[in-house]
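Here is how the chains run, residue by residue.
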Amino acid sequence: MRLAAIRAQASQLFGGSLNLALKFLLVFLAIEAIPFGTAWVLTELNVRSEYREAEQSAQKTAYILLHNFEQTVEPIDSLLLNFAHALDPNSTPTEVYDSLRALSIPAPIVQVTVVDMKGFVIASNLAPPVGDPIDLSDREHISVHIGSNPHSGLFISKPVLGRISKRWTIQFSRAWYDQAGEFRGVIVASYNIFDFISFYSRLRVDPNSLIALVGTDGVVRARAAATVSFGETVSSSPPYIKGLTQAETPYDARSAIDGVDRIGYFVRSERYPIIMLVAYDKSYVRSLAEEFRLAIWITAGGLGLILLVLALLALSYHRLQQKVRASALRESARQREVHFLEAMAGVPGVCVVHVTAEGSRQIGDTSGNALPALIHEYVASPRFVAATRLLTGPQVSVEYFARDGEEFEVQLMIAPLEEIDQITKRPSEGMQRDLVVFAVDQTSKRIEENNLYQMSKLASLGEVATGLAHEINQPLGVIRLAATNALTGLQKGMPNDHMEAKLNRIIQQTVRMSRIIDHMRIFGRKSGMRLEPSDPMDAIDGALQVVGAQLRLENVSVSVNGGSDDVRVLCRQDQLEQVVINLLQNARDAIRERRRSVGVEYLGAISIEMALEHLDTRAPLVCISVKDNAGGIPDQVIEKVFQPFFTTKPPGQGTGLGLSVSFGIIRDHGGTLSVENAFEGAVFTIRLPGLHEAQLAATRQHLPADF
Amino acid sequence: MGMTAAGLHASPLPGGARVNEMSPLLIVDDEPEYLDEILEALAYEGIEAVSASNGAAAVAMLRQYPDIRVVVTDIRMPEMDGIALVEAARGEFGNRDLHFIVVTGHAAKSDLERARAAGVRNCLSKPLALDDLRRAIQSLQV
């Protein structure tokens, strides 16, 4: 039982409650979406504002740094310009060297060099000119000034390793023009690159922030990031190309050099071919307001939790209310049930028994006849327990009980009181057995009906007697003549064959007579109580044996059509036979009546037909119809034909019982008897529930039980 | 009249003529066994008889044998019953000297009334006794 309960729970979980679980999930998500959605929006706004701030700060810094750079370059530029202006083109290298030595050169400038118009060094402040002059014409900061399209203004070179100074320097170079404006050469100031870088390094706010000085040629002059570096080419990077074309532009990209996501600003110098980039590591920027965002998320979480708890509280309150209401409903339903059962128990002839696992208890009046005892015994029988184990709705049946030689016919209505599981549509697992049985004693009603039936049989006996007298006299006449002839033959000494033939004929005729008499017994017999499965064709044949001869004598033709081998009906065969006899006699009477008005040439015909009506997948209805050609029943009469003692026949001829008793018999068999007018006459149709072989077998099993 | 079975052969009918010599009897009944036995019994008596199994067949026999004068018929028969036969024969053979004896299974009042209405005075009941038939034939004075 435990296992069964677990299985039921599992099926509930996976079968019926899947929707419920989904619903819960959706509600949960909806509740939690409010705080967490707000938190997400807030943090997102926060990050954006942080980025914007970082960008603005970068822009400001870039301007300051660019300004600082320009201020650094400006004195160098004027130094070069002034020196060139003052230099005599005809000075010897030594004179040039001396004037260089005389210059006051700021510290980051490691060297000042004068180069002639062909690119050869004239003199450097670092050493007196000795030996052959060094050729620098291949160096960019020299070659840009020599040639057909010379660079104007100050040139700032890529970082180069000085040939004389042996240091990494940036070369600031200017063309040297004499007083007459003639090109004389190039003057170069070599700036120690590490001075720049160390300056920028000191400005960095986070390990990944970037300050870069980039030439308009795309080569980094100085770069301070995680490590200091220079000389990288960024000419192909899209942010650089964008920065090159505009005076200033925001930077938001992943660095091609170290792969760090940064946000910042490009600012281009208007005076020198240089761009200043300042950018901060995005993750660093985001981390600045981490606590704020964390606080938001924690608040959201707390809020979500509170909402969830509130929702759960509301839900459980609702559930509780539902439970209270349901139990109140169940209680009032119980009360009503009890009242109803007590009221039912008060109806005379009805015995109400409440059946539970503990036993059975009669409701209401416990005095009375043998019926309650029979019912108590019956509901305790294994057959009843098995039949009602899976009962989900009321069930009606008829049972026969025998006690002290008396037979009882009891109509039972069994109704389950257990709660029905909404999912399995069966009594809930583990529920206690709880049934109510209404029993109505039909025995006296049956006896009454039998008496009426008996009366109608006697009535038909009178009608049949005429025909039967003829039927019996016919063989009797043959026997008498055959005996007389045998006797004569004996006297005349006829051969033995003759005597044999006569005696055989006599035997044959007596057999015929006894068959007729057999059928007469139906009129004297009391009908049995039980319904037995029988072939409906047997009832038709039996009826024709009784009245067939009579019909033939009255010149009424009878045809029988249809039939089915395997169908049976649950009936009392003699009663069904009696109904068919009644219908045939009724048809015969109608034909007689019509013949009286139409004349002898009218040919009476009765057709009996047996057919099956399939209404649905259950057992078919067996239809036996009796049709005559006597013109039908007048409309004003047709509704009354089944009323007792209603007859259209002359006084003394009809009892008015035949059709009404037939109607009662068929209704009692769970069938219907109906009448309608067809083409030539009236059709009476008997409809009875049929049994198929399978049901037949079940019925046979059912019948020999101990009740 | 106190006649015996043997006396039938001896006793002459009025005018000296014997029924079976003059003309055959026509027996009408729907039961073949019955016809079989009665014809045999009549033959033992020396009475010539022919048979028909219903009214219509009987009318045909009357046409075929113009010398038939006595018809013994059952009342209840399919197709054309005994009374109808009497009426039909009276209509068709009005100028012939025809006599009818009806035999009924149960002497029902209605049957007797119909027979009397058709002008038949001789009614016998089943089971038929040969003596009764003989007496009835003699009473016809044919």
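Residues numbered from 1 in each chain as written. Chains lettered and ligands numbered in written order. Predicted model: local features only at pLDDT ≥ 70, side-chain atom pairs only at ≥ 80, totals over all residues.

1. Points about the overall build of chain B
So, step 1. Helix and strand counts for chain B come out as seven helices and five strands.
So, step 2. Out of the 142 residues in chain B, the part that is buried amounts to 39%.
So, step 3. Sequence separation of at least 24 residues holds for 63% of the intrachain contacts in chain B that already meet a minimum separation of 6. (Helix = DSSP H or I, 4+ residues; strand = E, 2+ residues; numbered from the N terminus. Buried ≥ 20, exposed ≤ 12 C-beta atoms within 10 Å, placed from the backbone. Contact = placed C-beta atoms within 7 Å.)

2. Re the overall build of chain A
So, step 1. A tally of regular secondary structure across chain A gives 17 helices and 23 strands.
So, step 2. Taking all 707 residues of chain A together, 31% fall into the buried category.
So, step 3. Counting contacts in chain A only where the partners sit at least 6 residues apart, residues at least 24 apart contribute 62% of the total.

3. Re the sheet that holds strand β7 (residues 220-224) of chain A
Residues and elements named next belong to chain A.
So, step 1. The antiparallel open sheet is built from six strands, whose spatial order is β8-β7-β6-β11-β10-β9. In this open sheet, the two edge strands, each paired with only one partner strand, are β8 (228-229) and β9 (248-254).
So, step 2. Sheet topology note: the β7/β8 ladder contains two bridges and is antiparallel. The residue of β8 that forms the bridge with Ala224 is Val228.
So, step 3. Contacts between helix α5 (residues 193-203) and the sheet are confined to β6 (210-215), β7 and β8, with β7 contributing the most and set at about 35 degrees to the helix.
So, step 4. Sitting on the sheet, helix α6 (residues 238-245) is in contact with β6, β9, β10 (261-268) and β11 (274-281), with an inclination near 180 degrees to β9. (Pairing = 2+ DSSP bridges. Axes fitted to C-alpha atoms, helices over the stretch in contact; angles between N-to-C directions.)

4. Topic: the confidence of the model for chain B
For residues with low pLDDT, the predicted coordinates do not support detailed interpretation.
All names here are of chain B.
So, step 1. Mean pLDDT over chain B works out to 79, with 80% of the residues at or above the 70 mark.
So, step 2. Looking across chain B, the model is least confident in helix α1 (residues 5-10), with a mean pLDDT of 36, and most confident in strand β1 (residues 25-28), with 93.
So, step 3. Contacts for the low-pLDDT stretch residues 1-21, under 50 throughout, to residues beyond four places or in other chains number 19 contacts.
So, step 4. Here the predicted complex scores 0.40 on pTM and 0.80 on ipTM. (pLDDT = per-residue confidence, 0-100.)

5. So, the packing of helix α4 (residues 55-64) of chain B against helix α5 (residues 82-92) of chain B
Residue and element names in this part refer to chain B.
So, step 1. One can describe the packing of α4 onto α5 by two numbers: an axis separation of 9 Å at closest approach and a directional angle of 30 degrees. It follows that α4 is roughly parallel to α5 by the angle criterion. Read as a crossing pair, α4 and α5 show a hand that is right-handed. When α4 is examined against α5, the residues Gly55, Ala58, Val59 and Leu62 are found in contact with a partner set consisting of Gly82, Ala84, Leu85, Ala88, Ala89 and Glu92.
So, step 2. Here the contact of α4 with α5 is composed, by residue class, of seven nonpolar, two polar and one charged. (Parallel < 35°, antiparallel > 145°, perpendicular 65-115°, else oblique. Left-handed = near helix turned anticlockwise from the far one by under 90°. Nonpolar A, V, L, I, M, F, W, Y, C, P; charged D, E, K, R; others polar.)

6. Structural notes on the pairing of strand β12 (residues 350-356) of chain A
Residue and element names in this part refer to chain A.
So, step 1. Here β12 pairs with strand β16 (residues 434-441) via seven bridges, running antiparallel. Note on β16: the bridge partner recorded for His354 is Val436.
So, step 2. As paired elements, β12 and strand β13 (residues 359-363) share five bridges and run antiparallel to each other. For His354, the partnering residue across the bridge sits in β13 and is Arg361.
So, step 3. Count of turn residues in the β12/β13 antiparallel hairpin: two residues.

7. A word on unusual backbone geometry
So, step 1. A cis amide bond links Lys126(B) with the next residue in sequence, Pro127(B), at an omega value of -5 degrees.
So, step 2. Despite not being glycine, Asn555(A) has its phi angle at roughly 65 degrees, a positive value.
So, step 3. Residue placement: Asn555(A) occurs in the loop between α13 (536-553) and β18 (556-562).
So, step 4. The buried category is assigned to Asn555(A), around which 20 C-beta atoms lie within 10 Å.

8. As for the nonpolar core
All names here are of chain A.
So, step 1. Judged by nonpolar contacts, the single largest core of 65 residues is most densely connected at Ala62, Ala189, Ala222, Met276, Leu277 and Val278.
So, step 2. The biggest single contributor to this core is helix α2 (residues 18-86), with 11 residues.
So, step 3. With residues up to four places along the chain from it excluded, the contact list for Ala189 reads Ile76, Leu79, Leu80, Ile109, Val112 and Phe172.
So, step 4. With 42 residues, the next largest nonpolar core counts Val579, Ile591, Ile633 and Ile665 among its residues. (Core = buried A, V, L, I, M, F, W, Y, C linked by C-beta atoms within 7 Å.)

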